[in-house]
Amino acid sequence: MASKAAPSCRLVFCLLISAAVLRPGLGWYTVNSAYGDTIIMPCRVDVPQNLMFGKWKYEKPDGSPVFIAFRSSTKKSVQYDDVPEYKDRLNLSENYTLSISNAKISDEKRFVCMLVTEDDVFEAPTVVKVFKQPSKPEIVSKAPFLETDKLKKLGECISKDSYPDGNITWYRNGKVLQPLEGAVVIIFRKQMDSVTQLYTMTSSLEYKTTKADIQMPFTCSVTYYGPSGQKTVYSEQAVFDIYYPTEQVTIQVLPSKNAIKEGDNITLKCLGNGNPPPEEFLFYLPGQPEGIRSSNTYTLTDVKRNATGDYKCSLVDKKSMIASAAITVHYLDLSLNPSGEVTKQIGDALPVSCTISASRNATVVWMKDNVKLRSSPSFSSLHYQDAGNYVCETALQEVEGLKKRESLTLIVEGKPQIKMTKKTDPSGLSKTIICHVEGFPKPAIQWTITGSGSVINQAKESPYINGRYYSKIIISPEENVTLTCTAENQLERTVNSLNVSANENKEKVNDQAKLIVGIVVGLLLAALVAGVVYWLYMKKSKTASKHVNKDLGNMEENKKLEENNHKTEA
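As the structure is a computational prediction, the values presented were derived from the model and not from experiment.

Topic: the state of the cysteines
Applying the stated criterion across every chain yields a total of 5 disulfides. The disulfide bridge from Cys43 ends at Cys113, spanning 1.9 Å between sulfur atoms. On the sign convention where negative is left-handed, the bridge of Cys43 and Cys113, at about -85° about the S-S bond, is left-handed. On the criterion of sequence distance, the pair formed by Cys43 in the loop between β3 (39-41) and β4 (53-59) and Cys113 in strand β9 (residues 110-116) is long-range, its members being 70 residues apart. Taking relative accessible area as the criterion, Cys113 reaches 0% and is therefore assigned buried. Across a sulfur-sulfur distance of 1.9 Å, Cys435 and Cys485 are joined as a disulfide pair. Judged by the sign of its S-S torsion, about -80°, the bond between Cys435 and Cys485 is left-handed.

Here is the structure:
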């Protein structure tokens, strides 16, 4: 309600100090401002026509007024009272709206706008509320780890510079944590800065964790009031390392226990499922009742087949918590009999055996000169083609690198054996003599000829394959001759001969001469008939009679020459 001066007091001074009441219709008015912003307070009173001046004041907690601004309606001048906390922060407009820059918590007061006329004082109060948003909450003093079934301080959630003070809430995996005796203990406290009058809120959380809290996020939030109402700000997530005891022990074998072979190194690795994991264990080897204390690994080097067995490990302080693994050390033995280089005679028998001893079924492969054989070799009577390099190879398919092989180099020796053949040329003028030789080491072949005849070409030899080869010569004998083939190696010298007759050659030449004579006689008879016919023709012609006689004479001479020539050739 508006206040009115007493009738006996007409002076302005009396009006200002007189008691005033609000006019009906002007209730409390609140201005909300954010910390640091400008507070704007309208006067909320209609300016009267006979206004003399306007003033703003605020009330102390004890109700006494403090004037801070004055504005005359006539001089249009503004005066600000000497109040230190509002120095250079006030602005009074022509419509008597008061602005206070850089809002502070101390600005939370009851301000009053006063418009003064000669007769009346009109007042309009305004309550100022200042709000400060707190800092984003942060989880500090975090525990390096939490232990299951133990109540332990998890950390503190802190939010600073708030006005008014806010409230802090804890969350586990997004769900609100409520105090629970012996499991969740929350202690909240707040502190106000005496200078800034801003609050710092702190909430500590003691928490009894379980294995279900592994990788679970914890957060906190601060709820506060601002100019536009209630708001909430959340912290970043925090995940804690959860310590829990070992409940199970496992043992690992490296490399894989299905692929261990003699000569390998075995590493046993013992693991506990606790956090942190155990650092020491007891390892038990087959046949050894006492455990060997070691870190979480134990290595055996160059293992043998007798290392096959059950291997165990346990906790040092809890031997009943134990794990075991069965290990098989695979082995593979091969024995080839005979082996190495073996020399035998042709026709000999040679039993060959490849004996395998292994930790499981093994594959066996025979090779001869790098070619796979369909079956294992067996020699009841050796041949030259049986010679070569034999390899027996075995392997365990499931165990990488477990292979064995032994070789047999078989040498088949034999004395030279000779077989001679001949072949007559279709013309009958030459003969091919072949000396077939077998034996090992390779025999050297030498030819000798007894009798007259010419060797048309030098001896030619075939490749030496499987202990066999041949040598051949081509000859045209003028008489019966004897060809001798000599084969010699380190074991023996062998000689064989072949008689070659010249008769067949002469008969064939006579037959050819008779054929030539017959051909010549036929030609002479044909020429004679032709001459008689020609003579008869010429006789009819008188002019040519002399020539005919002369030609006939010449023809007879030619015939005689031809006959002599044929005889000579024959």
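The rest of the description comes next.
As for the packing of aromatic side chains
Per the counting criterion, the structure on display carries 12 aromatic pairs. Relative to Tyr86, the ring of Tyr58 lies with its centre 5.9 Å away and its plane at 55°, an arrangement referred to as tilted. Residue Tyr58 is located in strand β4, and its partner Tyr86 is located in the loop between β6 (78-80) and β7 (90-92); the two are separated by 28 residues in the primary sequence. With relative accessibility at 6%, the residue Tyr58 sits in the buried group. Look at Tyr86 and you get buried, because its relative accessible area is 3%. Here the aromatic rings of Tyr163 and Tyr199 are separated by 6.1 Å at their centres, their planes lie at 25°, and the arrangement is stacked. Note that Tyr163 is positioned in the loop between β13 (151-162) and β14 (167-172) and Tyr199 in strand β17 (residues 199-208), a separation of 36 residues in sequence. With respect to class, Tyr163 is no different from Tyr199; both count as buried. The rings of Tyr58, Tyr86 and Phe111 are connected pair by pair, giving a single aromatic cluster. Sitting over the face of the ring of Tyr58, Lys109 holds its NZ or CZ atom 5.0 Å from the ring centroid. The ring of Phe145 carries Lys152 above its face, with NZ or CZ at 3.8 Å from the centroid.

Some words on the side chain of Ser72
Inspection of the secondary structure puts Ser72 in strand β5 (residues 65-72). Under the relative-accessibility criterion, Ser72 is labelled buried at 9%. There is a polar contact of 3.1 Å between the side chain of Ser72 and the side chain of Thr74. The contact partners of Ser72, leaving out residues within four places of it in the chain, are Met52, Phe53, Ser77 and Tyr96.

A few points about unusual backbone geometry
The peptide bond linking Asn275 to Pro276 adopts the cis configuration, its omega dihedral lying at 0°. Mapped onto the elements, Pro276 comes out in the loop between β23 (266-272) and β24 (281-284). In this model, Asn337 is joined to Pro338 through a cis peptide bond whose omega is -5°. Within the element layout of this structure, Pro338 appears in the loop between β29 (332-337) and β30 (340-345).

Points about the environment of Tyr80
Counting through the fold element by element, Tyr80 comes out in strand β6. Residue class for Tyr80 comes out partly exposed when judged on its relative accessible area of 38%. Other than its neighbours up to four places away in sequence, Tyr80 contacts Ile68, Ala69, Leu90, Asn91 and Leu92. One polar contact links the side chain of Tyr80 to the main-chain amide nitrogen of Leu92, over a distance of 3.0 Å.

Considering the sheet that holds β23
Pairing in this open sheet of 3 strands is antiparallel, and the strands run β22-β23-β26 from one edge to the other. Bordering the open sheet on either side are β22 (249-254) and β26 (297-300), each of which pairs with just one other strand. For this sheet, the mean inter-axis angle between neighbouring strands, taken without regard to orientation, is 20°. Pairing of β23 with β26, which is carried by 4 bridges, proceeds in the antiparallel orientation. In the strand pairing of β26, Thr267 is matched with Thr299.

Details of the nonpolar core
Ranked by internal contacts, the top residues of the largest apolar core, which has 52 residues, are Met41, Trp56, Ile68 and Phe111. Once you skip the residues sitting within four places of it in the chain, Phe111 turns out to touch Met41, Trp56, Lys57, Tyr58, Ile68, Tyr86, Ile100, Ala124, Pro125, Thr126 and Val128.

Topic: the side chain of Ser159
On the secondary structure map, Ser159 appears in strand β13. A relative accessible area of 0% places Ser159 in the buried class. Separated by 2.8 Å, the side chain of Ser159 and the backbone oxygen of Ser135 make a polar contact. If we skip the residues at most four places from it in the chain, Ser159 touches Pro134, Ser135, Pro137, Tyr199, Thr200, Met201 and Val222.

What about the environment of His330?
For His330, the location among the structural elements is in the loop between β28 (322-327) and β29. With 22 residues separating them in the primary sequence, His330 and Thr308 have C-alpha atoms 8.5 Å apart. With sequence-adjacent residues up to four places away left out, His330 is seen in contact with Asn258, Ile260, Lys261, Glu262, Ser359, Arg360, Leu396, Val399 and Leu402.

Quick word on the pattern of salt bridges
Pairing of side chains with opposite charge becomes possible as their charged atoms draw close. Within this structure, the stated rule accounts for 21 salt bridges. Glu156 is the partner of Lys153 in a salt bridge, and the nearest nitrogen-oxygen pair spans 2.9 Å. One connected set of salt bridges, linked through shared partners, spans Lys153, Glu156 and Arg189.

The rules behind these values
- Residues numbered from 1 in each chain as written.
- Predicted model: local features only at pLDDT ≥ 70, side-chain atom pairs only at ≥ 80, totals over all residues.
- Heavy atoms only, no water.
- Disulfide = S-S within 2.5 Å.
- Helix = DSSP H or I, 4+ residues; strand = E, 2+ residues; numbered from the N terminus.
- Buried < 20%, exposed > 50% of the residue type's maximum accessible area, 1.4 Å probe, protein only.
- Phe/Tyr/Trp six-rings, centres within 6.5 Å; stacked < 30°, edge-to-face > 60°.
- Lys NZ or Arg CZ within 6 Å of the ring centre and 35° of its normal.
- Polar contact = N/O pair within 3.5 Å; in protein donor to acceptor, adjacent residues only side chain to side chain.
- Contact = heavy atoms within 4.5 Å.
- Pairing = 2+ DSSP bridges.
- Axes fitted to C-alpha atoms, helices over the stretch in contact; angles between N-to-C directions.
- Core = buried A, V, L, I, M, F, W, Y, C linked by side-chain atoms within 4.5 Å.
- Salt bridge = Lys/Arg side-chain N within 4 Å of Asp/Glu carboxyl O.

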